[in-house]
Number of protein chains: 2
Amino acid sequence: MTETITRVIDRINSPEDLKKLEIKELYYLSDEMRKLIIKKVNTTGGHFGPNLGIIEATVAMHYVFNSPVDKFVFDVSHQCYPHKIITGRKEGFMNPDYYSKYTGYTAPEETEHDMFKVGHTSTSISLATGLAKGRDLVGGKENIIAIIGDGSLTGGEALEGLNNAATLGSNIIIIVNDNDMSIAENQGGICNLLTELRENNGDVENNFFKALGFEYYYVADGHNIEDMIEVFSKVKDTDHPVLVHLHTIKGKGFEPAVLNKEPFHWILPNTLDKLNQPASPQEESYESITKDYILEKVNAGEPVVAMNAATPGVFAWNKEFRDKLGSHYVDVGIAEQHAVGMASGIAKRGGKPILGLMSSFVQRTYDQLSQDLALNNSPATLLIFWGGISNADATHLCTFDIPLISNIPNIIYLAPTCKEEYVRMLDWSVNQKEHSVAIRVPFEISYSGEEDNTDYSILNKFKLVEQGEKVAIIALGSFFNKGKEVKEMLKESGINATLINPRFITGIDKDMLEKLKTNHSLVITLEDGEINGGFGEKITRFYGDSEMKVLNFGSKKEFTDRTPIEELYKRYHLTNELIVEDIKKLI
Amino acid sequence: MTETITRVIDRINSPEDLKKLEIKELYYLSDEMRKLIIKKVNTTGGHFGPNLGIIEATVAMHYVFNSPVDKFVFDVSHQCYPHKIITGRKEGFMNPDYYSKYTGYTAPEETEHDMFKVGHTSTSISLATGLAKGRDLVGGKENIIAIIGDGSLTGGEALEGLNNAATLGSNIIIIVNDNDMSIAENQGGICNLLTELRENNGDVENNFFKALGFEYYYVADGHNIEDMIEVFSKVKDTDHPVLVHLHTIKGKGFEPAVLNKEPFHWILPNTLDKLNQPASPQEESYESITKDYILEKVNAGEPVVAMNAATPGVFAWNKEFRDKLGSHYVDVGIAEQHAVGMASGIAKRGGKPILGLMSSFVQRTYDQLSQDLALNNSPATLLIFWGGISNADATHLCTFDIPLISNIPNIIYLAPTCKEEYVRMLDWSVNQKEHSVAIRVPFEISYSGEEDNTDYSILNKFKLVEQGEKVAIIALGSFFNKGKEVKEMLKESGINATLINPRFITGIDKDMLEKLKTNHSLVITLEDGEINGGFGEKITRFYGDSEMKVLNFGSKKEFTDRTPIEELYKRYHLTNELIVEDIKKLI
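Residues numbered from 1 in each chain as written. Chains lettered and ligands numbered in written order. Predicted model: local features only at pLDDT ≥ 70, side-chain atom pairs only at ≥ 80, totals over all residues. Heavy atoms only, no water.

Draft legend 1. Region of the structure containing the confidence of the model for chain A. Residues and elements named next belong to chain A. With 98% of its residues at a pLDDT of at least 70, chain A reaches an overall mean of 96. Every residue in residues 1-5 scores below 50 in pLDDT, and together they form six contacts with partners more than four places removed in sequence or on other chains. Under the prediction, the complex receives an ipTM of 0.96, its pTM being 0.97. (pLDDT = per-residue confidence, 0-100. Contact = heavy atoms within 4.5 Å.)

Rendered as structure tokens:
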């Protein structure tokens, strides 16, 4: 058996090779890919369940359609591993030396089989509609196929795309990969209607997709390659919008992942080797502190509600926590815009929403932050997690939230530097009624060792941590400890620098900045994110008409892609040594 | 008749008063309100068709529900005039002295009957879902009612909201005010399904709203008050999500507005007095230049496609223009996210999309600008109209597009100062293949009188317009002429300032800025928008380690609300006199 399996994949170097196979070989190939993906992802970490669930569908797609002439657009694209294997990139899954060669998402720089770099959800239908329209404008004839998971269907852009694609009037094929899951449980009316469709073999009284105008096909077993080949062959070269609804099983072929889908959506390296080990006791973290705080408030009968958009795992809001919260927990599904609007409504009606968002996904809500929330001064609390410079994929960078949030009027964006400040800020935010508040939760826990009694309703008051002279270091949030270290290093050069913890991202402490003029000639700002449009530039502008020199440290305006953090720190002059060097040049 | 009519409205000072009326008096009241609205809007300008279409529905709503205990959330809220009249603000429509007293949108500062300040579309369902959830958390019992037009239903947040509201599990009532129109023609599958519902009196094979999980009611005549009272009474105090679909006629009661809905959506003052006057010949404008350019390209067989999201009127893309373009015109409806994603797809498939967006609505597309467009370097052209400081409503400010767009990597944001530059930039953008480009189209036309031969593919090269000394004025886009004027005024004080036209918003010309150091001690930047996170701060940061002083001029980070532009210019030190004063203080 193993021999047979090995033989099939050895013959596959492009989608063309796959078309020559017999049906049973397509199944062998699927099994092989499944084993490769399990081994590879367990070694490197990555998206697990989504890829296991779409293997057979990907095989059938490539068997029927002709990539790269026909064009696939994978939504989020974290389920593109089988597609990568088929389209000339199998070494990234077969040879451990090449495990890091390819990104975990579609990437046009890797192959002509990928049209877009994609990592946020719900974009595929719009992108595909565009490809189809472009094709029609230049006189092409190919098939355009969007592959979108049921979880991604609830995102605004996907729904806007569905509405528009339905009336395109030419070839577009939307494959809904329905595995009854978002990242956590799927949510909302669309989830229910998909369930109804599955339970009735695609035949229901009120068909959402038909209502929009799609020709609709249902495949009950999205792991039956023949069934899918039959339907895909039928819809190939259609002259109108078609939607194919596949029922697949997330995690297919790896039982623990099928039984327990959420934790196997994305796994850390070596997860599968530790399945039977007891979970190590959780250490205190900003996530655990947040959960304790929320539970305490809910148990005290306060109308606190923990909200998120399909990513409870980012905040370690596990099932146990969610169950304890009951109606005080809301997961809106992938629908960040709605989450912010809903939070605003809850706050206006006396509830106390605490909405968790990953920094990279905040950018899906700009208009809602501005119009629904800030313009109305709705006293909601937003917790922004993971903000900072990292080695993340280009699609998941978390360096833009400061420029994004801090230039919107009315929002108070806070940057705690330690547990004590975080708890104080969170509690202040939840209990006040005047402001929309966001808190940038640091990644690593830190302690100041002293109680924070600050009244955060006195806005934009920076904390003078240590008075020095000549050089003042304004070190924001997760870079506060870096500021402390730089201060220590400067001592070696005889410089007793002033250290300031600004705490407020969205305003400057003019009094304190003014006072610095008396015995400082240089101010430096440190922020863990993009400098352009960020925190530091406001300080620089304040001093624009004075003799004060100012240096802003942070990341550049660029999309980096899995770049090691050490390399980025060097590039941005963010190592302590380089910061000190830059300071010394100016004094 | 007039006497009777006058009598009814005189008795209405709150929704309570309306509940005492007989049915026929409700009709009299509706007629009165219609006349008041026609007269008032023709005097002041404002939203016309939407308000005429919803009068009877508003009367029925207030008759059945108990505002402000029961809570109405009007989507976009430009159809809230009848609601304003009923809820204690009738003087704003009856007495010309008070015509400007109230905003054209819901405004909590005016009355407890308004929950939110709203002006962008598609937010009402999310806000209402939040109110309902807040109510449930604090143990309230009231009805929560969202009123949303069919055009707004295509927006992502509305669809996310529908999906989520459907499974709320408690009272929420969504009234779809279906008048078969967006701002222009309605677009997409949802438009078609509403048509099907209307044509079948609400009874169709595939009901989109039922599919999502709503209990569904159809009212064929949304001007029949008894019918609406009957249905609203039936759904009042429901314990689950309900959707009421009203068929109304936009512009009802004013025949020209019914026959020709788009131009009567929003009208200028005195429009109704000039109905039979021939249209004055159009003068050249950036809008006319853009249309000429697009038509020329399309006629030459190029795959150019003019795109927008339901606001062709903003760019003067009238019906004649659209008809000429045929398949080279795409209106995606209210779906800005999809528009950007689709533009990216078109560009990747060889088409040449030119997507028009009003500055205030760009903020609905941040994630798509970043992920769909910029990350993929899709060579689409975005035209950003109306960017700049104005006396607009708080909901429609156009001062945030520079901080928003210019801190996203990869996008080239250009600021032409005259027709010659605009045409050159547009043509360069449409014909290049490397960059996602946005152009900030000024409001008022200007001419330099000399051909622009710039190669804009050489990025971030500022134009030195006039070399001087001591003071350098970097005057961006629509503020270039202000820079010229300030330069002239400085001459009177013996200062021969340098004048620079940066043209690029998204990058700085380091060489030129470096050279300024030799014989300048002050640089000022002028930009027509928010300074925070904007263009000027990057210049200030560049000079942070030098002796150069820098002043940034632009608007503050704040929501202003119908504030006269003269007042804003004073507040921001943007009059030429105040700029010169600030300069003189520093040299």
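The discussion continues.
Draft legend 2. Here's a closer look at the sheet that holds strand β13 (residues 437-441) of chain B. Residue and element names in this part refer to chain B. Strand order in the open sheet made by the six strands is β9-β8-β10-β11-β13-β12, with parallel pairing throughout. Pairing within the sheet leaves two strands with one partner each, and these edge strands are β9 (329-331) and β12 (412-414). If you compare each strand with its neighbour and ignore which way they point, the axes differ by 20° on average. Summarising the sheet, strand β10 (residues 352-358) and strand β11 (residues 381-385) pair through five bridges and their orientation is parallel. (Pairing = 2+ DSSP bridges. Helix = DSSP H or I, 4+ residues; strand = E, 2+ residues; numbered from the N terminus. Axes fitted to C-alpha atoms, helices over the stretch in contact; angles between N-to-C directions.)

Draft legend 3. Up close: the interface of chain A and chain B. Contact with chain A, which involves 111 residues of that partner, is made by 111 residues of chain B. For the pair chain A and chain B, the two sides together bury roughly 8700 Å², of which 56% comes from carbon and sulfur. If you sort the residues of chain A by the area they bury against chain B, A:Glu160, A:Arg349 and A:Phe559 come out on top, with a joint share of 9%. Measuring nitrogen to oxygen at the nearest pair gives 2.8 Å for the salt bridge that ties B:Lys549 to A:Glu547. If you look at where chain A meets chain B, you find 51 residue pairs in polar contact (both at pLDDT 80 or more). Sort the elements by how many residues they give to the side of chain A that touches chain B and helix α8 (residues 124-138) of chain A lands first, with 10 residues. Of the residues in the side of chain A that touches chain B, the class split is 40 nonpolar, 46 polar and 25 charged. (Buried area = accessible area lost by both parts, 1.4 Å probe. Salt bridge = Lys/Arg side-chain N within 4 Å of Asp/Glu carboxyl O. Polar contact = N/O pair within 3.5 Å; in protein donor to acceptor, adjacent residues only side chain to side chain. Nonpolar A, V, L, I, M, F, W, Y, C, P; charged D, E, K, R; others polar.)

Draft legend 4. Molecular detail of the relation of the copies chain A and chain B. Superposing chain A onto chain B takes a rotation of 180° plus a shift of 0.0 Å along the axis, which leaves an RMSD of 0.0 Å. Here the copies are linked by what is in effect a two-fold axis. Comparing interface residues between copies, 99% of those in chain A also lie at the interface in chain B; the contact surface is shared. (Least-squares fit on C-alpha atoms with pLDDT ≥ 70 in both.)

Draft legend 5. Structural view of the packing of aromatic side chains. According to the stated counting rule, one finds 44 aromatic pairs over all chains in the structure shown. Here B:Phe209 and B:Tyr216 contribute two aromatic rings whose centre-to-centre distance is 6.0 Å and whose plane-to-plane angle is 10°, an arrangement assigned as stacked. Here B:Phe209 matches B:Tyr216 in class, with each residue buried. Aromatic ring contacts, followed pair by pair, group A:Phe208, A:Phe209, A:Tyr216, B:Phe208, B:Phe209 and B:Tyr216 into a single cluster. For the cation-ring pair, A:Lys40 lies above A:Tyr81, with the distance from its terminal atom to the ring centre recorded as 5.7 Å. The ring of B:Phe93 has B:Lys40 lying over it, and the distance from NZ or CZ to the ring centre is 5.5 Å. (Phe/Tyr/Trp six-rings, centres within 6.5 Å; stacked < 30°, edge-to-face > 60°. Buried < 20%, exposed > 50% of the residue type's maximum accessible area, 1.4 Å probe, protein only. Lys NZ or Arg CZ within 6 Å of the ring centre and 35° of its normal.)

Draft legend 6. Summary view of the packing of helix α5 (residues 55-64) of chain B against helix α12 (residues 225-235) of chain B. All names here are of chain B. Remark: α5 packs on α12, axes separated minimally by 9 Å, with the N-to-C direction vectors making an angle of 40°. The angle between α5 and α12 falls in the class oblique. The element α5 and its partner α12 pack so that their crossing is right-handed. Of α12, the residues touching α5 (which contributes Glu 56, Ala 57, Val 59, Ala 60, Met 61, Tyr 63 and Val 64) are Ile 225, Met 228, Ile 229, Phe 232 and Ser 233. (Parallel < 35°, antiparallel > 145°, perpendicular 65-115°, else oblique. Left-handed = near helix turned anticlockwise from the far one by under 90°.)

Draft legend 7. The nonpolar core, seen in detail. Counting residues in hydrophobic clusters, the biggest one holds 106 residues, and the most contacted among them are A:Leu369 and B:Leu369. Formed by 70 residues, the second largest nonpolar core is a distinct cluster that contains A:Leu159, B:Ile125, B:Leu168 and B:Leu197. (Core = buried A, V, L, I, M, F, W, Y, C linked by side-chain atoms within 4.5 Å.)

Draft legend 8. Looking closely at helix α6 (residues 81-89) of chain B. Counting buried positions along α6(B) gives eight out of nine residues, so the element sits mostly inside the fold. Among all positions of α6(B), only B:Tyr81, B:Pro82, B:His83, B:Lys84, B:Ile85, B:Ile86, B:Thr87 and B:Arg89 are buried.

Draft legend 9. How the structure looks around unusual backbone geometry. The peptide bond linking A:Ser67 to A:Pro68 adopts the cis configuration, its omega dihedral lying at 10°. Within the secondary structure, A:Pro68 is located in the loop between α5 (55-64) and β2 (71-74). Of note, the phi angle at B:Ser77 is positive, near 70°, even though the residue is not glycine. Considering the arrangement of structural elements, one finds B:Ser77 in the loop between β2 (71-74) and α6. When its relative accessible area of 0% is taken as the criterion, B:Ser77 is described as buried. Although it is not a glycine, B:Asn377 adopts a positive phi angle of roughly 45°. Along the chain, B:Asn377 falls in the loop between α18 (366-373) and β11.

Draft legend 10. Region of the structure containing the sheet that holds strand β5 (residues 215-219) of chain A. All names here are of chain A. Ordered by their spatial adjacency, five strands build an open sheet running β2-β3-β4-β6-β5, and the pairing between neighbours is parallel. The sheet is open, and its two borders are formed by β2 and β5, each paired with just one other strand. Mean inter-strand twist for the sheet, computed between neighbouring axes without regard to direction, equals 20°. Direction of pairing for β2 relative to strand β3 (residues 144-149): parallel, over a ladder of four bridges. In the strand pairing of β3, Phe 74 is matched with Ile 147.

Draft legend 11. Representation of the pattern of salt bridges within the structure. All names here are of chain A. As enumerated under the stated definition, the model contains 66 salt bridges over all chains in all. With its nearest N and O atoms 2.8 Å apart, the salt bridge here joins Asp 114 to Arg 89. Of this pair, Asp 114 sits in the loop between α7 (91-94) and α8 while Arg 89 sits in helix α6 (residues 81-89), placing them 25 residues apart in sequence. Residue classification places Arg 89 among the buried residues on the basis of a relative accessible area of 1%. Put simply, Lys 84, Arg 89, Glu 110 and Asp 114 are held in one network by salt bridges that share partners.

Draft legend 12. Focus on the environment of B:Lys463. Residues and elements named next belong to chain B. Structurally, the position occupied by Lys 463 is in strand β14 (residues 463-466). For Lys 463, a relative accessible area of 30% gives the class partly exposed. C-alpha separation for the pair Lys 463 and Pro 442, spaced 21 residues apart in sequence, amounts to 18 Å. Excluding residues within four positions of it along the chain, Lys 463 makes contact with Glu 450, Leu 499, Ile 500, Asn 501, Arg 503 and Met 512.

Draft legend 13. Expanded view of the environment of A:His240. All names here are of chain A. Relative to the assigned elements, His 240 resides in the loop between α12 (225-235) and β6 (241-247). Separated by 27 residues in sequence, His 240 and Gly 213 place their C-alpha atoms 9.8 Å apart. Only 2.7 Å separates the side chain of His 240 from the side chain of Asp 239, close enough to count as a polar contact.

Draft legend 14. Molecular detail of the pairing of strand β6 (residues 241-247) of chain B. Residues and elements named next belong to chain B. Taking burial as the measure, the seven residues of β6 include six buried ones, the bulk of the element. Of the strand pairs in this sheet, strand β4 (residues 172-178) and β6 are connected by seven bridges, and their pairing is parallel. By the bridge assignment, Val 176 is partnered in β6 with His 245. In the sheet, strand β5 (residues 215-219) pairs with β6 via five bridges, with the strands oriented parallel. Residue pairing in the sheet places Tyr 218 in a bridge with His 245 of β6.

Draft legend 15. Inspection of the side chain of B:Asn171 at higher detail. Residue and element names in this part refer to chain B. Relative to the helices and strands, Asn 171 is located in the loop between α9 (156-165) and β4. Since its relative accessible area comes to 7%, Asn 171 is described here as buried. A polar contact of 3.1 Å, which involves the side chain of Asn 171, links it to the backbone nitrogen of Ile 144. Not counting the four nearest positions on each side in its chain, Asn 171 is found in contact with Ala 132, Arg 135, Glu 142, Asn 143, Ile 144, Asp 237, Thr 238, Asp 239 and His 240.

Draft legend 16. Quick peek at the pairing of β4(B). Residues and elements named next belong to chain B. Counting buried positions over the seven residues of β4 gives seven, a clear majority of the element. Alternating positions in β4 separate into two faces, Ile 172, Ile 174, Val 176 and Asp 178 on one and Ile 173, Ile 175 and Asn 177 on the other, with burial throughout. As paired strands, strand β3 (residues 144-149) and β4 are joined by five bridges and run parallel to one another. Across the sheet, residue Ala 146 finds its bridge partner in β4, namely Ile 174. Following the chain from β3 across α9 to the adjacent parallel β4, one finds a crossover that is right-handed. (Right-handed = clockwise from strand over helix to strand, strands pointing away.)

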